[in-house]
Amino acid sequence: MLQTKFTELLGCTVPLQQAGMGKIASPALASAVADAGGLGMVSGIGAAPPEYVAKVLDGLRRSTAGAFGANFIVAGARDETSGKIDPDFAKVLEVAASRAPVVEFFYENPDPEFVDIAHAGGALVSWQVGSGPEAAAAERAGCDLIVAQGTEAGGHVRGKIGLLALLGEVLPSAKVPVVAAGGIGTGRAMAAALAAGASAVRVGTRFVAAEEAGTHPAYVDKLIAAEAKDTILTEAFSANWPNAPHRVLRSCVEAVERFRGEFVGETAKPWAPDVRVPMRPRDSFVADKTTTGTFDAMPMWAGESVDGVKRVQKAGEIVRELAEEAERLLRNWGI
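Residues numbered from 1 in each chain as written. Predicted model: local features only at pLDDT ≥ 70, side-chain atom pairs only at ≥ 80, totals over all residues. Heavy atoms only, no water.

(A) Representation of the layout of surface pockets. In this model, the second largest pocket occupies a volume close to 200 Å³. Residue assignment for the lining of the second largest pocket shows that the elements contributing at least two residues are helix H3 (50-63) and strand S12 (265-269). Taken together, the residues of the lining of the second largest pocket sort by class into eleven nonpolar, six polar and three charged. (1 Å grid on protein atoms, 1.4 Å probe; cavity = no way out; pocket = protein on both sides within 12 Å on 5 of 7 lines; lining within 4 Å. Points joined across faces, edges and corners; volume = space filled by probe spheres on them. Helix = DSSP H or I, 4+ residues; strand = E, 2+ residues; numbered from the N terminus. Nonpolar A, V, L, I, M, F, W, Y, C, P; charged D, E, K, R; others polar.)

See the structure below:
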């Protein structure tokens, strides 16, 4: 199989990471990806009670012998006045780092204090970046991995340039494995990123349509019907997370512009399934199977790789499909 610095570091058999995607990056999805040889990720846990995080990650350690990690959005994790890390977040991070082989951060400049906390717990540390200078800062902060995210990616986007241009900025000086993110939804795209020098790829949109993700069928149906040209980079869904560009389906932006209600729907948090949480129009959230409401006007996160979403599949099948096609193409290209 495809062996790289990424697979050597993590003990994976496939150089592929499942993206953090809010609560649909569930323990079941992470376990399935890990079992198939990739790096499975759990996300949406930064605001969860520490005991819930411990339960989830302890369960993953029992359910898979593969590699998995915990993904954290760190925007707002420091108090703007004091500069101190929020103590509740710090506790969750400590719990995760003592249980997950990998801890990953996104959406702030690389921060050595976060990296040190994760390392102290025994985890490898990854930081998702959107520029060459940010990648260099991640290395200086002590990160073991870097995820280079191009603007083709679905969900929240950090940088300003596409993936190949970004890899051109990051790879020449990077001394740690670099994971390519953004627009990776086929084996051909995976092979191209590896041929360009990435040590692995990060896949999100394809896994939104995985059986194990728990995504609401209305959201999945929209992805299946979409093409790359149907996505748009916007700030339309920024009511609860301002100044954070993101890629979604264009149709949901048009729908939310027409929506006139006070709330677009309700959802629930994984650690409080019986508590219904109302969501306002233009809020940033993920429509899973606990969600109800006007789905057309909810954020339908999607990368330019959405063409690859043809049907609902098991996560392991997606991993094998991409890996086998990429390996065949790389062999044909003599790489």
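(B) Region of interest: the packing of helix H6 (residues 132-140) against helix H7 (residues 163-170). Interhelical geometry of H6 versus H7 gives an angle of 45° and a closest axis separation of 8 Å. One element, H6, and the other, H7, form an angle in the oblique class. With respect to the hand of their crossing, H6 and H7 are arranged in right-handed fashion. On H7, the residues touching Gly-132, Pro-133 and Ala-135 of H6 are Leu-166, Glu-169 and Val-170. When grouped by side-chain class, the residues that make up the contact of H6 with H7 number four nonpolar, one polar and one charged. (Axes fitted to C-alpha atoms, helices over the stretch in contact; angles between N-to-C directions. Parallel < 35°, antiparallel > 145°, perpendicular 65-115°, else oblique. Left-handed = near helix turned anticlockwise from the far one by under 90°. Contact = heavy atoms within 4.5 Å.)

(C) Inspection of the nonpolar core at higher detail. Core analysis: the biggest nonpolar cluster contains 105 residues, and Leu-16, Phe-72, Phe-105, Phe-114, Trp-127, Met-190 and Phe-207 have the highest contact counts within it. Among all residues touching Leu-16, those that are not within four sequence positions of it are Phe-6, Val-33, Gly-38, Leu-39, Met-190, Ala-200, Val-201, Val-203, Phe-207, Val-319 and Leu-322. (Core = buried A, V, L, I, M, F, W, Y, C linked by side-chain atoms within 4.5 Å. Buried < 20%, exposed > 50% of the residue type's maximum accessible area, 1.4 Å probe, protein only.)

(D) Up close: the sheet that holds S12. Read across the sheet, three strands follow the order S13-S12-S14 without closing on themselves; strand pairing throughout is antiparallel. Each edge of the sheet is formed by a strand with only one pairing partner; in this case those strands are strand S13 (272-279) and strand S14 (292-293). Across four bridges, the pairing between S12 and S13 is antiparallel. The residue bridging Lys-269 from the neighbouring strand is Ala-272, located in S13. (Pairing = 2+ DSSP bridges.)

(E) Spatial organisation of H6. Along H6, the positions that sit buried rather than exposed are Gly-132, Glu-134, Ala-135, Ala-137 and Ala-138. Check the buried side of H6 and you find it contacts strand S5 (124-129), strand S6 (145-149) and H7. Once H6 ends, the next one or two residues include Gly-142, with phi positive near 100°.

(F) Spatial organisation of unusual backbone geometry. Although it is not a glycine, Tyr-107 sits at a positive phi angle of roughly 75°. With respect to the secondary-structure elements, Tyr-107 resides in the loop between strand S4 (102-106) and helix H5 (112-120). You can call Tyr-107 buried: its relative accessible area is 7%. In this model, Asn-243 sits at a positive phi of 60°, which is unusual for a non-glycine residue.

(G) The arrangement of H7 in detail. Among all positions of H7, only Leu-163, Leu-166, Leu-167 and Val-170 are buried. Projected down its long axis, H7 carries its buried residues within an arc of 100°, all on one side. Where H7 is buried, its residues touch S5, H6, S6 and strand S8 (178-181). (Arc of directions from axis to C-beta.)

(H) Highlighting the environment of Pro-110. Its place among the elements puts Pro-110 in the loop between S4 and H5. Sequence separation between Pro-110 and Ala-135 is 25 residues, and the spatial gap between their C-alpha atoms is 8.3 Å.

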